[in-house]
Structures are given as C-alpha cells and as structure tokens.
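Listed here are the chains, written in short residue letters.
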Amino acid sequence: MLHRFNMSHPEPSQPVYLAEGSSLQASGGQTEGMIRQNAIVDKCDGICATRMLAKPKSSSAVHHHGEQDTVVYAVKGHASVVSEGGKKRVDLKPGDYALIPAFMEHQEVNDGDEEAVWAIIRSGRIPDVVNLTGWGGEPVKA
C-alpha cells in the first residue's frame, strides 16, 4: 500500500522505471564496432540514458549529438573521445566521467584488446546521433 504523506512537492509523474542491463538491445544510430543500446529513452523530458559497447580495435564514425549535452561514465575497459578535428584525445578508464558539449564533433575510439562499456546520459528525451562524412563534414544520409 502506498502511503501519502503531506508532501511539500508535487506528486511524481510516473513510478520508478527499471531498465535491466540484460534486456538492452541495439538501437539508434550504429557504427561498425560500436553498439549503442537504449536504456531509459522517451520516459521523461530532458534526459535519456544509453549504453555503448565498443569492441576492441574499433572506432565510431565522426558524429555529434545535436543540441544534446552528453555525460559519459566509463564502466569497463579503456577507450577515448577524440575531438577538435582529431587533434584532441581524452582517455577514459573505469570510473572516469567526460562531458561532450552539444554539437561537439567527436569519435569514440577503443585501441585496446578488450571491450569498453560506457553509460551515457544525454540532455534530451530521445538520443540524437548525427553521423558525419568526416571532421567538419555533412550529415550522413540515412
């Protein structure tokens, strides 16, 4: 039974939602070697969560996430975010966080011999992935 106390804030808009890691499936814009999986998507305004699996010796296409800011949390393995036209590289190890600002062209790179896993939080209801033809390039037609 749910007890209602005299709350000084509005009622929640929905119950707690669970996305079991074992149930996540490939979804959204994909790149060879990188598997993007929706976890919490289209559930509330202003935020969504996905998981990215980067196979060993792989890299994503150069892309950005439109108006969405992105926070990356490295769960497993070692991988990098390459940006600024390929000139800047930020290496992540398990436990590290990175912020990728809106419209920042970047590429995820896993040069290692083991899979890398990242938890990704974006500032939009549904993740936006805009793959590009290269650094400073045009969006790839779907």
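Our subject is the structure listed above.
Residues numbered from 1 in each chain as written. Predicted model: local features only at pLDDT ≥ 70, side-chain atom pairs only at ≥ 80, totals over all residues. Heavy atoms only, no water.

So, about the overall build of the protein. A count of helical and extended segments in the protein gives 0 helices and 11 strands. Counting from the amino terminus, helix and strand elements in the protein follow one another as β-β-β-β-β-β-β-β-β-β-β. If one aligns the C-alpha atoms of the protein with their principal axes, the spans along those axes are about 55 × 30 × 25 Å. Buried positions account for 35% of the 142 residues belonging to the protein. Expressed as a percentage of contacts within the protein between residues at least 6 apart in sequence, the contacts between residues at least 24 apart total 69%. Accessible surface, the protein: about 8700 Å² in total, of which carbon and sulfur atoms supply 55%. Across the protein, the centroid of the 14 positively charged side chains sits 2 Å from that of the 18 negatively charged ones. (Helix = DSSP H or I, 4+ residues; strand = E, 2+ residues; numbered from the N terminus. Buried < 20%, exposed > 50% of the residue type's maximum accessible area, 1.4 Å probe, protein only. Contact = heavy atoms within 4.5 Å. Areas by Shrake-Rupley, 256 points an atom, 1.4 Å probe, with all protein chains shown as cover. Lys, Arg positive; Asp, Glu negative; His and termini not counted. Charge placed at Lys NZ, Arg CZ, Asp CG, Glu CD.)

Glancing now at the pairing of strand β5 (residues 70–76). Each regular strand carries side chains that alternate between the two faces of the sheet. Pairing of β5 with strand β8 (residues 97–100), which is carried by 4 bridges, proceeds in the antiparallel orientation. Bridge pairing in β8 links Val71 to Leu99. Bridge analysis of β5 against strand β10 (residues 116–122) gives 6 bridges, and the strand direction is antiparallel. Note that in β10 the partner of Ala74 across the bridge is Trp118. (Pairing = 2+ DSSP bridges.)

This brings us to the pattern of salt bridges. Between side chains of opposite charge, a pair can form when the charged atoms approach closely. Taken as a whole, this structure holds 8 salt bridges when the rule is applied. Between Asp111 and Arg89 there is a salt bridge whose closest N-O contact spans 2.5 Å. Taken together, the residues span a long stretch of sequence, with Asp111 in the loop between β9 (106–110) and β10 and Arg89 in strand β7 (residues 88–92) at a distance of 22 residues. Among the salt bridges present, the one from Asp96 reaches Lys93, with a minimum N-O distance of 3.3 Å. For Lys93, a relative accessible area of 44% corresponds to the partly exposed category. One continuous salt-bridge network, built from bridges that share partners, spans Asp42, Asp45 and Arg125. (Salt bridge = Lys/Arg side-chain N within 4 Å of Asp/Glu carboxyl O.)

Our focus in this paragraph is the packing of aromatic side chains. According to the stated counting rule, one finds 1 aromatic pair in the structure shown. Ring centres of Tyr73 and Tyr97 lie 4.8 Å apart, and the angle between their planes is 50°; on these two criteria the pair is classed as tilted. Here Tyr73, found in strand β5, pairs with Tyr97, found in strand β8; they are 24 residues apart in sequence, far enough to count as distant. (Phe/Tyr/Trp six-rings, centres within 6.5 Å; stacked < 30°, edge-to-face > 60°.)

On to the nonpolar core, then. Of all hydrophobic cores here, the largest spans 13 residues; its most connected members are Met52, Ala54, Val72, Val81, Leu92, Trp118 and Ile120. Mapped onto this core, the elements with two or more residues apiece are β2 (48–54), β5, β6 (79–83), β8 and β10. When residues of this core are assigned to their parent elements, the largest contribution, 3 residues, is made by β10. (Core = buried A, V, L, I, M, F, W, Y, C linked by side-chain atoms within 4.5 Å.)

Purely geometric numbers; function is a separate question.
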